2 protein chains.
Amino acid sequence: MPLSALLDMPGVNPPEAATHGYVFNHTMIRVKDLTRSLDFYTRVLGFTPVHRQDFAEAAFTIVYLVLAADRAIIPDNDAERLRWVLGQPGVLELTHNHGTEHDAEFQYHNGNAEPRGFGHLCVSVPDVQQACARFEAMGVPFQKRLTDGRMKHIAFIRDPDGYWIEILQPAPFIG
Amino acid sequence: MPLSALLDMPGVNPPEAATHGYVFNHTMIRVKDLTRSLDFYTRVLGFTPVHRQDFAEAAFTIVYLVLAADRAIIPDNDAERLRWVLGQPGVLELTHNHGTEHDAEFQYHNGNAEPRGFGHLCVSVPDVQQACARFEAMGVPFQKRLTDGRMKHIAFIRDPDGYWIEILQPAPFIG
């Protein structure tokens, strides 16, 4: 759909000047086992943790992660790094409520069974075939392989909590 | 926590070369009424819709939106624009299953009541006091005002489906 038609869709308004500088900074998901999730997001997807805050009384920890094209851009000074990360788009926040990792029955809801809501995160990759072959070799579980269904250009993997992560390549959709 | 300590947390691995070029591209949430959500995300938060795809047989529509600092950077050509948006961080995908907007009882789950999972989106703003005053003036519902609770530097508003959106200013946390 042409941009002009997108901007003419019912409900769409031009951005107000007051929203200048607004940044879609992060998405927060709760994770059962922080170590397991840090392993997944850093090893499988290449994220780097850039901030951690522990809330002792409320018994939870948050970690911000980014997919930094170049780690050298991450400020070393803690206060500078926090200011930097909160001004970036594409940050992932993991929230860990302490102790859930010791409860064998405990699990979070990924939003794709009832009651539905949140659907997925998406990581775009330079080569979707290569990326999926790598995930297969690593034993990452797939929700949808490239060969499944009709949309052959996208795949979905699952993180350790079962959240869906779409994998695609930035090229025009084929079908 | 210093960056060196963050990189030493249990579970954290250095990024593999194969993940170079991976981008945390988008977060998808389902919305009951597309027009209502487009109004909210464009008028209240300043997003711009940059791609729409309708799936007639499966009866759903997806819309990608970005918070573009400058609309002039959005490619006009449709194929170029889609390739561009899929390579960006900080994209929001709204999925609308056709017809839900006509069902008075229908509602999506925001992830913050049981069963929990997804928590929130976050938009960072240049001035959190000004932004919250603007939301108040617009009648946007708050989940947490700046003055509520102990964390006086963050607020949460609610989108039309009840998803929480954290509002903060990129400065070091105070407390």
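This one's a predicted model, so the numbers in the text were calculated from it and none came from an experiment.

**Observations concerning the overall build of chain A**
Helices and strands together make up the secondary structure of chain A, namely 4 helices and 8 strands. Along the chain direction, N to C, the helices and strands of chain A fall in the order α-β-α-β-β-α-β-β-α-β-β-β. On the principal axes, the C-alpha backbone points of chain A span a range of 50 × 45 × 40 Å. Here chain A holds 175 residues, and 53% of them are scored as buried. If you take every contact in chain A between residues at least 6 apart in sequence, the share linking residues at least 24 apart comes to 59%. When the accessible surface of chain A is totalled, it reaches about 7,500 Å², and 53% of it is carbon and sulfur.

**Details of the sheet that holds strand E4 (residues 91-97) of chain B**
Taken in spatial order, the 8 strands make up an open sheet running E6(A)-E7(A)-E8(A)-E5(A)-E1(B)-E4(B)-E3(B)-E2(B), and their pairing is mixed. Looking at strand neighbours, the two that pair on one side only are strand E6 (142-144) of chain A together with strand E2 (48-55) of chain B, the edges of this open sheet. Along the sheet, successive strands turn relative to each other by an average axial angle of 25 degrees, direction set aside. Both E2 of chain B and strand E3 (residues 60-66) of chain B contribute to a ladder of 7 bridges, which runs antiparallel. The residue bridging Gln 53 of chain B from the neighbouring strand is Ile 62 of chain B, located in E3 of chain B. Packing of helix H3 (residues 78-86) of chain B onto the sheet brings it into contact with strand E5 (118-124) and strand E8 (164-168) of chain A together with strand E1 (23-30), E2, E3 and E4 of chain B, and relative to E3 of chain B it is tilted by some 70 degrees.

**Digging into the interface of chain B and chain A**
Each partner contributes residues to the interface: chain B has 95 residues there, and chain A has 95 residues. With both sides pooled, the region where chain B packs onto chain A buries about 7,800 Å², and carbon together with sulfur makes up 60% of that total. Ranking the residues of chain B by area buried against chain A places Tyr 22, Phe 24 and Arg 30 of chain B at the top, with a combined share of 10%. Our enumeration of links across chain B and chain A arrives at 4 salt bridges. Between Glu 57 of chain B and Arg 150 of chain A there is a salt bridge, with the nearest N and O atoms lying 3.7 Å from each other. Joining chain B to chain A, the criterion identifies 45 residue pairs in polar contact (both at pLDDT 80 or more). In terms of residues, the side of chain B that touches chain A owes the most to one element, E1 of chain B, which gives 8 residues. Here the residues of the side of chain B that touches chain A sort into 53 nonpolar, 26 polar and 16 charged. Inspection of the sheet shows E5 of chain A paired to E1 of chain B by 6 bridges, in the antiparallel sense. Counted as the bridge partner of Cys 122 of chain A is His 26 of chain B from E1 of chain B.

**What about the pattern of salt bridges?**
The tally for this structure, following the rule as stated, stands at 16 salt bridges over all chains. Glu 16 of chain A is paired through a salt bridge with Arg 134 of chain B; the nearest N and O atoms lie 3.1 Å apart. Of this pair, Glu 16 of chain A sits in the loop between helix H1 (3-6) and strand E1 (23-30) while Arg 134 of chain B is found in helix H4 (residues 128-138), placing the two residues in two different chains.

**Considering the side chain of His 109 of chain A**
Along the chain, the position of His 109 of chain A falls in the loop between strand E4 (91-97) and E5. Under the relative-accessibility criterion, His 109 of chain A is labelled buried at 14%. Separated by 2.8 Å, the side chain of His 109 of chain A and the backbone oxygen of Pro 115 of chain A make a polar contact. Ignoring sequence-local partners within four residues, the contact set of His 109 of chain A consists of Glu 114, Pro 115 and Tyr 163 of chain A together with His 109, Pro 115, Arg 116, Gly 117 and Phe 118 of chain B.

**Some details on the UniProt feature "binding site: Zn(2+)" (unreviewed entry) in chain A**
The sites that UniProt annotates as "binding site: Zn(2+)" (unreviewed entry) are Glu 93, His 120 and Glu 166 of chain A. Residue Glu 93 of chain A is classed as buried on the basis of its relative accessible area of 5%. Filtering out sequence-adjacent residues up to four positions away, Glu 93 of chain A remains in contact with His 26, Thr 27, Met 28, Ile 29, Ile 62, Val 63 and Tyr 64 of chain A together with His 120 and Glu 166 of chain B. A polar contact of 2.9 Å, which involves the side chain of Glu 93 of chain A, links it to the side chain of His 26 of chain A. Mapping His 120 of chain A onto the fold places it in strand E5. The class of His 120 of chain A is buried, set by a relative accessible area of 5%. Setting aside chain neighbours within four positions, we find His 120 of chain A in contact with Phe 156, Trp 164 and Glu 166 of chain A together with His 26, Thr 27, Met 28 and Glu 93 of chain B. One polar contact links His 120 of chain A to His 26 of chain B, side chain to side chain, over a distance of 3.2 Å.

**Let's talk about the relation of the copies chain B and chain A**
Taken as rigid bodies, chain B and chain A are interconverted by a rotation of 180 degrees and an axial shift of 0.0 Å, the fit giving an RMSD of 0.0 Å. Within this description, the copies of the chain are treated as partners about a two-fold rotation axis. No C-alpha of chain B lies nearer the rotation axis than that of Gly 90 of chain B, which sits 2.2 Å from it. When the interface residues of chain B are mapped onto chain A, 100% of them again fall at the interface, so both copies present the same face.

**Some remarks on the nonpolar core**
Tyr 41 and Leu 45 of chain A together with Tyr 41, Leu 45 and Ile 167 of chain B are the most contacted members of the largest nonpolar core, which totals 104 residues. Once residues lying within four places of it in the same chain are set aside, the contact partners of Leu 45 of chain B are Thr 19 and Tyr 22 of chain A together with Phe 40, Leu 67, Val 123, Phe 135, Ile 157 and Ile 165 of chain B.

Basis of the calculations
- Residues numbered from 1 in each chain as written.
- Chains lettered and ligands numbered in written order.
- Predicted model: local features only at pLDDT ≥ 70, side-chain atom pairs only at ≥ 80, totals over all residues.
- Heavy atoms only, no water.
- Helix = DSSP H or I, 4+ residues; strand = E, 2+ residues; numbered from the N terminus.
- Buried < 20%, exposed > 50% of the residue type's maximum accessible area, 1.4 Å probe, protein only.
- Contact = heavy atoms within 4.5 Å.
- Areas by Shrake-Rupley, 256 points an atom, 1.4 Å probe, with all protein chains shown as cover.
- Pairing = 2+ DSSP bridges.
- Axes fitted to C-alpha atoms, helices over the stretch in contact; angles between N-to-C directions.
- Buried area = accessible area lost by both parts, 1.4 Å probe.
- Salt bridge = Lys/Arg side-chain N within 4 Å of Asp/Glu carboxyl O.
- Polar contact = N/O pair within 3.5 Å; in protein donor to acceptor, adjacent residues only side chain to side chain.
- Nonpolar A, V, L, I, M, F, W, Y, C, P; charged D, E, K, R; others polar.
- UniProt positions renumbered as here; feature names shortened; annotations may be inferred.
- Least-squares fit on C-alpha atoms with pLDDT ≥ 70 in both.
- Core = buried A, V, L, I, M, F, W, Y, C linked by side-chain atoms within 4.5 Å.

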